[in-house]
Amino acid sequence: MASPPAPDDLPCSILVYDGAGVVLEANRAALELFGVARTELVGSSAEDAGWLVTDAIQAPISVHPAIAAIRSKLPVRGALARARRRDGVDLWLQVDAVPDLGAGGEVARVVASITDVTHLIARSPMSGRSAGDHIVEEVTEILVEARLDPEAILTSVCRSLSRLHPGIWVAAVMGKDPDAMRVIATDAGDPGASAYIEAMQMSGSVTTTPLTTRVIETGEPILLPSVSLEALQSMLNDQVRQYIGLHPFTGQTTTLGVLVVPMHARGAIIGTLGLFERRGSNPLSDKDVLWVQAIADRTGLALDNAQLYADAVQRLDRLTALQGVSLAVSASPDLRLTLKVILDHVTAQLKVDAADVLLLDETDNSLSLSARTGFLATAMPDYRLPAEEGVPGRAITSRRIETVTGLSAFSQFRRRSMFAREGFRAYGAVPLISRGKLLGALEVFHRSPLNPDQEWVAFLDALGSVAAVAIDSATMQERLRQTRGVVDTRRRAPAPEMTRIESDILRLAVEGMTNREIAAKVHLSQNTVKFHVRKILQKTGSANRTELASHAIKEGWL
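Presented here is a report on the structure given in the accompanying data block. None of the values given here were measured: they were computed from a predicted structure. (Residues numbered from 1 in each chain as written. Predicted model: local features only at pLDDT ≥ 70, side-chain atom pairs only at ≥ 80, totals over all residues. Heavy atoms only, no water.)

1. Looking at the pairing of strand β5 (residues 90–101)
Sheet analysis places strand β4 (residues 76–84) next to β5, joined by seven bridges and oriented antiparallel. Note that in β5 the partner of Ala83 across the bridge is Leu91. Connecting β4 to the antiparallel partner β5 that follows it, the hairpin turn spans five residues, and Gly88 within it adopts a positive phi of roughly 95 degrees. Across nine bridges, the pairing between β5 and strand β6 (residues 107–116) is antiparallel. Bridge pairing links Leu101 to Val107 in β6. Where β5 folds back on β6, the antiparallel hairpin that results is connected by five residues, among which Gly105 adopts a positive phi of roughly 85 degrees. (Pairing = 2+ DSSP bridges. Helix = DSSP H or I, 4+ residues; strand = E, 2+ residues; numbered from the N terminus.)

2. A few points about the sheet that holds strand β10 (residues 255–265)
With antiparallel pairing, five strands are arranged side by side in an open sheet as β8-β7-β11-β10-β9. Edge positions in the sheet fall to β8 (181–186) and β9 (222–228), since each has one partner strand and no second. Each strand of the sheet is rotated relative to its neighbour by a mean of 15 degrees, with strand direction disregarded. Summarising the sheet, β9 and β10 pair through five bridges and their orientation is antiparallel. Bridge pairing links Val227 to Leu256 in β10. Each of β7 (168–174), β8 and β11 (268–278) is contacted by helix α6 (residues 150–164), which is oriented at about 30 degrees to β8, the strand it contacts most. Strands in contact with helix α8 (residues 210–218) are β7, β8, β9, β10 and β11; relative to β11, the strand with the most contacts, it is inclined by about 135 degrees. (Axes fitted to C-alpha atoms, helices over the stretch in contact; angles between N-to-C directions. Contact = heavy atoms within 4.5 Å.)

3. Some details on the side chain of Ser434
Inspection of the secondary structure assignment puts Ser434 in strand β16 (residues 426–434). A relative accessible area of 8% places Ser434 in the buried class. At 3.1 Å, the side chain of Ser434 forms a polar contact with the side chain of Asp472. Excluding anything up to four places from it in sequence, Ser434 contacts Leu439, Ala468, Val469 and Asp472. (Buried < 20%, exposed > 50% of the residue type's maximum accessible area, 1.4 Å probe, protein only. Polar contact = N/O pair within 3.5 Å; in protein donor to acceptor, adjacent residues only side chain to side chain.)

4. Focus: unusual backbone geometry
In most cases, non-glycine residues show a negative phi, while peptide bonds are predominantly trans. Backbone geometry places Lys73, a non-glycine residue, at a positive phi of 60 degrees. Within the secondary structure, Lys73 is located in the loop between α3 (65–72) and β4. Residue class for Lys73 comes out partly exposed when judged on its relative accessible area of 32%. For His523, which is not glycine, the phi dihedral falls at a positive 65 degrees. With respect to the helices, strands and loops of the structure, His523 is situated in the loop between α18 (515–522) and α19 (526–540).

Below is the structure:
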C-alpha cells in the first residue's frame, strides 16, 4: 500500500499550530501563498497574524480560526479571512482548522488547511467584500460612543478605518466658509503618508484638490481601481503639483486604488471621504463604494450634530462674555482695566493669539496704543500710526471691519518688524464708533491662518461697540472732571439753601440719573424724589433738569 504524501507534496496550503496558537509547521504551498521563508512563518503567533476574520460556516467569528478551534476544542469550518502578504498584496482565504486533542482533553495542535479564494471574492457578482458590512457596523459603534466634537469624530473614524481596512483614509470637511476645508488623514501602515497630506493642507498653499472638488460639485463618487502615482498627479491642480515639487513624497507605493465618495448631512454635501489603497490582488470595486458611502453618510450626520452642539455652546459663551464686558464697563471707571477685560474676552472667544486697542488723537489724526494682550514682547511700544494709511487706517476710513490673511500684505504695514517678530499670519481690525464719532480701532492678531465666519465677525463687531462705549464714557467723565476743576478756580455764586437730601438729589440729577435711579440710591420713593426735584428747580430758578445741571456745574454748587 502506498505511503501518504508528504505535506510539501500537497497542493493545498497547510499550517500546523501548537496549543498556544504558534506555528509549528508550514508546507511549501503555504510558504508560496504568504510569500515568506519557512523561518519567518514557523514560530509566528496566530494572534499576531493580523487576519481580518469575517465569517464561518457554524457562526460569525472575529478571531483567527486556529485560536477559535483552540478555545472551543471544535473544528472551525469555512472561515473567511483577509490576510496581507509581505509584498502588500491582500489575500482572501477560506480556512478549515481542526484541533487534535491530547490525552488530557487539551488541544495539542491544530491543523489548518487554507484555500486562496481571492479571485472568487473579487469576481463574484453575488457577494461583496464581506468585510464591508463588518467595518460599517464597527464604525457606527464608534460614532455612537464619540463625544460631540467634530475634530474628535473625524480623527476617530479615520483611525478606525485605517485599522480595519489598511490604506490612506482622508476625510475633507467644509467649514461654515466653503473655501475653508478641514482635512484629516490617517494610515496605520505608513504614518508618514498621512502626515504628508496633513502637512500639505496645514501649509496653507493647498486649499483643496480636484478630486475633492469634483465629488463635492457633482455629488458622484470617484472610483479608480488602479492608478499610478504619475497618473494621479496629472489629475491634480497646479497648487498641489507645486507643493509636491517643493516637498517630494518619499513613499514606496507606485500604484494605488482610489475611492472618494461625498459626505452627506441633512440632504447637503459637507465634504468627502476617500480611500487611497495600495494596489492588491483584490482591487476596489463598485461594492466598496456602497459600504464606504454608508460610513461617509453616518460620519456626516454625526459631524453635523456635533457642529450644531458646538455652535450652541459657543453662542452661549459669547453672550455670557458680552454680559461680563458690559458689567465691567459699568462698574469700573478705570479705562485701562476695562479695555484689558475686553481684550481678554476677545482672545478667548475669538480664538486669536493677541489683540490691542488704538485710540485716535484728533490733534494730529494719529493712532496710539492704549491697551494690548497676548504679545510676546512684554514692553508696550510707544508708536503713532497715521489714521489714513494701510490698516487699521482702512477700517477707520471705511468704518467697517477689515481682515488680512495674505502674508504679502503685512509687508506694507508700518509695523512689519513687529509682525515678523511676533510671527503673525492673520490680522483683523474693527473701527470704534460711539454716537457717530470715531474713537480708534480694535485689532486682533493670529499666528496661524484664520478663516472667520459671519458669527465671528459679528462678535468682534459687538465687542468693538462695547469698547467704544467704554472709551466714550471715560472721555466724558474726564471732561466733566476738568470742567469742575475750571469752575472751582472761578468765583462761585452762592448756592441756594438746600437740605442734605436735596443736595444729594441735585448731585445725582446732574450726573444724569433718572428719578427711578435716584430713588434707589437715596432709598426714597419715586414720588418723593419727584417732589424734591420740583422744589430744587424752584429754588434755583431752573426751567428743567438740563438747565439745572448747567447752572450747578457753572456756578460750582456741587
